[in-house]
Amino acid sequence: MTDTYARTTGTWRNWAGNVTARPARVASPASVDELAGVLRRASEDGLKVKPVGTGHSFTATAATDGVLIRPDLLTGIRDVDRTAMTVTVEAGTPLKRLNAALAREGLSLTNMGDIMEQTVAGAISTGTHGTGRDSASVAAQILALELVAADGTVLRCSADEHPDVFAAARIGLGALGVVTAVTFAVEPVFLLTAREEPMTFDRVTADFDRLVAENEHFEFYWFPHTGNCNTKRNNRSAGPAAPPGRVSGWIEDELLSNGLFQVACSVGRAVPGAIPSIARISSRALSARTYTDIPYKVFTSPRRVRFVEMEYAVPREAAVDALRELKAMVERSPLRISFPVEVRTAPADDIALSTASGRESAYIAVHLYRGTPHQAYFTAVERIMTGYDGRPHWGKIHTRDSGYLAGAYPRFGEFTAVRDRLDPDRLFANDYLRRVLGD
């Protein structure tokens, strides 16, 4: 086996900079066989192992003082099957490369999240999702996956092969093994028309059920300290393609949504009292627009302003009540919130630890600019969301433990049973997994 270990490791940091770790070793295996050897050597040396993607999680799910596995060399498309309409991709492939490769083949995923910097394995392992009336998370589009277990065994699982592992490993938190390849269902590339439109908080909450029912993909952002929202409706289109103009797209997506927003956040962090006034201006800065393009260019957008985030999935029928309670909490508190609150939906799915497992869900995500004290805000939000049987996003800040989560997920015991079988010695454990899954 070639030496896949880095000579020096240094400190690993996630994208937001709120999680750091100093692994004893860093490995970049170039094949499944090399990866299996890395796992065996780590076990012999008494070191824990954690795979890491691009670090877009806000929790310490990938942190370790043992062996950190980087998937930089486990990238690329293994196979495109146009008869079965599937693509099999190496787990270290960034979603942006997968999307571009599929587009060149005239293919697309059905749904995706709003950023595409993550690796395939990182995105599915933490439950990355977008918004959809009928189409669910990235992990729900998986038809099969390949996993290297703690003992070096390579498992290929699907609904027909190791179905219990498949039910758990599609959102596996890095607790069951190292995902090395994923087979997704794909479809011929299609066009989406996006309609972005300002709307008041009162109107969007009053019409929430109708807006979700009438659109394939609906989401909105509420600007705290205001009664203003920005809505986005994505629906399939017969075309023709009409992407945003180069200049107008740059103004909306780069100048306003990133450049000026960065300045506004910096000012708000330095002078919190200015935030409500800034919010009132920001909430009116984005105008209505409509454009049509291929899916990943509509679903995703650049996120250059760094932040920390908490997101909870609540039963969809509880979304409006939870949002109104959140708004009332902000209005009566001394909190100053510079980031909008994001609201999305998903249908129920059959993945053991999916935040939408067994129930239609609404996602309520709160953010704060990096470096802004977040504990008071996030604590207050978490108190509201847990009052509605909320399930925290696995890759975003929360304080829930296995006692709470075992009650929130009917199939929690099913997941931990698979974990006990595949990793009895807890090779893939870390402090985060001990908290959320138990010992």
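From a predicted model like this one, the values you see are computed outputs, not experimental measurements.

Caption draft 1: Highlighting the overall build of the chain. What the chain contains, in helices and strands, is 14 helices and 20 strands. Computed over the C-alpha atoms, the radius of gyration of the chain is 21 Å, within 12% of the 22 Å expected from 2.2 N^0.38 for a compact globule of 439 residues. For the chain, the spread of C-alpha atoms along the principal axes amounts to about 60 × 50 × 40 Å. Looking at the chain as a whole, 58% of its 439 residues are labelled buried. Of the accessible surface of the chain, which amounts to about 17,600 Å², a share of 50% is contributed by carbon and sulfur atoms. Computed over 50 positive and 51 negative side-chain charges, the separation of the two mean positions in the chain equals 6 Å.

Caption draft 2: Structural context of the sheet that holds strand β10 (residues 154–158). Read across the sheet, 5 strands follow the order β6-β7-β11-β9-β10 without closing on themselves; strand pairing throughout is antiparallel. Sheet topology places β6 (77–81) and β10 at the edges, where each strand pairs with a single neighbour. Strand-to-strand, the axes of this sheet are offset by a mean angle of 10 degrees, without reference to chain direction.

Caption draft 3: Broad picture of the environment of Ser357. The residue Ser357 is located in the loop between β18 (341–346) and β19 (361–369) in this model. Put simply, Ser357 and Tyr409 are 52 residues apart on the chain and 7.5 Å apart in space, counted from C-alpha to C-alpha. Among residues more than four places away in sequence, those in contact with Ser357 are Asp349, Ile351, Ala352, Arg391 and Arg411.

Caption draft 4: Empty space enclosed by the protein, seen in detail. What the rule picks out here adds up to 5 cavities of 30 Å³ or more. One number sums up the size of the largest cavity: a volume of about 100 Å³. Contributing to the lining of the largest cavity are 14 residues, with Ile278, Ala279, Ser282, Ile337 and Ser338 lying nearest its centre. When residues of the lining of the largest cavity are traced back to their parent elements, those giving at least two are α7 (246–270) and α8 (275–282).

Caption draft 5: Up close: the pattern of salt bridges. Taken as a whole and judged by the stated rule, the model has 30 salt bridges. Between Asp134 and Arg133 there is a salt bridge, and its shortest N-O distance comes to 2.9 Å. According to the relative accessible area criterion, Arg133 is partly exposed, its value standing at 30%. What emerges from the salt-bridge pattern is a single network uniting Asp114, Arg303, Glu309, Glu311, Glu342, Arg344 and Lys396.

Caption draft 6: Broad picture of the layout of surface pockets. What the second largest pocket holds in volume is close to 200 Å³. As for the second largest pocket, its lining consists of 15 residues, of which Pro272, Arg336, Leu368, Thr372 and Pro373 are closest to the centre. At the level of secondary structure, the elements contributing two or more residues to the lining of the second largest pocket comprise α7 and α11 (375–386). With 3 residues, the single largest contributor to the lining of the second largest pocket is α7. Residue composition of the lining of the second largest pocket, by class: 9 nonpolar, 4 polar and 2 charged.

Caption draft 7: The packing of aromatic side chains, seen in detail. Tallying each qualifying case throughout the model produces 10 aromatic pairs. Among the aromatic residues, those joined into a cluster by ring pairs are Trp15, Phe58, Phe307 and Phe339. The ring centre of Phe201 lies 5.3 Å from the NZ or CZ of Lys327, which sits over that ring. For Arg400, the ring lying beneath its charged end belongs to Tyr404, and the centroid distance is 5.2 Å.

Caption draft 8: Summary view of the side chain of Thr355. Mapping Thr355 onto the fold places it in the loop between β18 and β19. Given the relative accessible area of 6%, Thr355 is considered buried. Engagement of the side chain of Thr355 in a polar contact is seen with the side chain of Tyr363, the distance being 2.8 Å. Beyond its immediate sequence surroundings of up to four residues, Thr355 is in contact with Ala313, Ser361, Tyr363, Arg391, Pro392, His393 and Tyr409.

Caption draft 9: Seen up close, the sheet that holds strand β15 (residues 228–237). Read from one edge of the open sheet, 8 strands run β16-β13-β15-β14-β18-β19-β17-β20, paired in antiparallel fashion. In this open sheet, the two strands that pair with only one neighbour each are β16 (289–293) and β20 (391–392). When strand β17 (residues 307–315) meets β19, the two strands line up antiparallel, connected through 9 bridges. The residue of β19 that forms the bridge with Glu309 is His367. The sheet contacts of helix α10 (residues 319–332) involve β14 (217–222), β17, β18 and β19, and relative to β19 the element is tilted by about 25 degrees. Strand contacts of α11: β17, β18 and β19, with the helix running at about 10 degrees to β17, the strand carrying the most contacts.

Scoring rules and cut-offs
Residues numbered from 1 in each chain as written. Predicted model: local features only at pLDDT ≥ 70, side-chain atom pairs only at ≥ 80, totals over all residues. Heavy atoms only, no water. Helix = DSSP H or I, 4+ residues; strand = E, 2+ residues; numbered from the N terminus. Rg over C-alpha atoms; globule rule 2.2 N^0.38 Å. Buried < 20%, exposed > 50% of the residue type's maximum accessible area, 1.4 Å probe, protein only. Areas by Shrake-Rupley, 256 points an atom, 1.4 Å probe, with all protein chains shown as cover. Lys, Arg positive; Asp, Glu negative; His and termini not counted. Charge placed at Lys NZ, Arg CZ, Asp CG, Glu CD. Pairing = 2+ DSSP bridges. Axes fitted to C-alpha atoms, helices over the stretch in contact; angles between N-to-C directions. Contact = heavy atoms within 4.5 Å. 1 Å grid on protein atoms, 1.4 Å probe; cavity = no way out; pocket = protein on both sides within 12 Å on 5 of 7 lines; lining within 4 Å. Points joined across faces, edges and corners; volume = space filled by probe spheres on them. Salt bridge = Lys/Arg side-chain N within 4 Å of Asp/Glu carboxyl O. Nonpolar A, V, L, I, M, F, W, Y, C, P; charged D, E, K, R; others polar. Phe/Tyr/Trp six-rings, centres within 6.5 Å; stacked < 30°, edge-to-face > 60°. Lys NZ or Arg CZ within 6 Å of the ring centre and 35° of its normal. Polar contact = N/O pair within 3.5 Å; in protein donor to acceptor, adjacent residues only side chain to side chain.

Read these as spatial facts, not as claims about activity.
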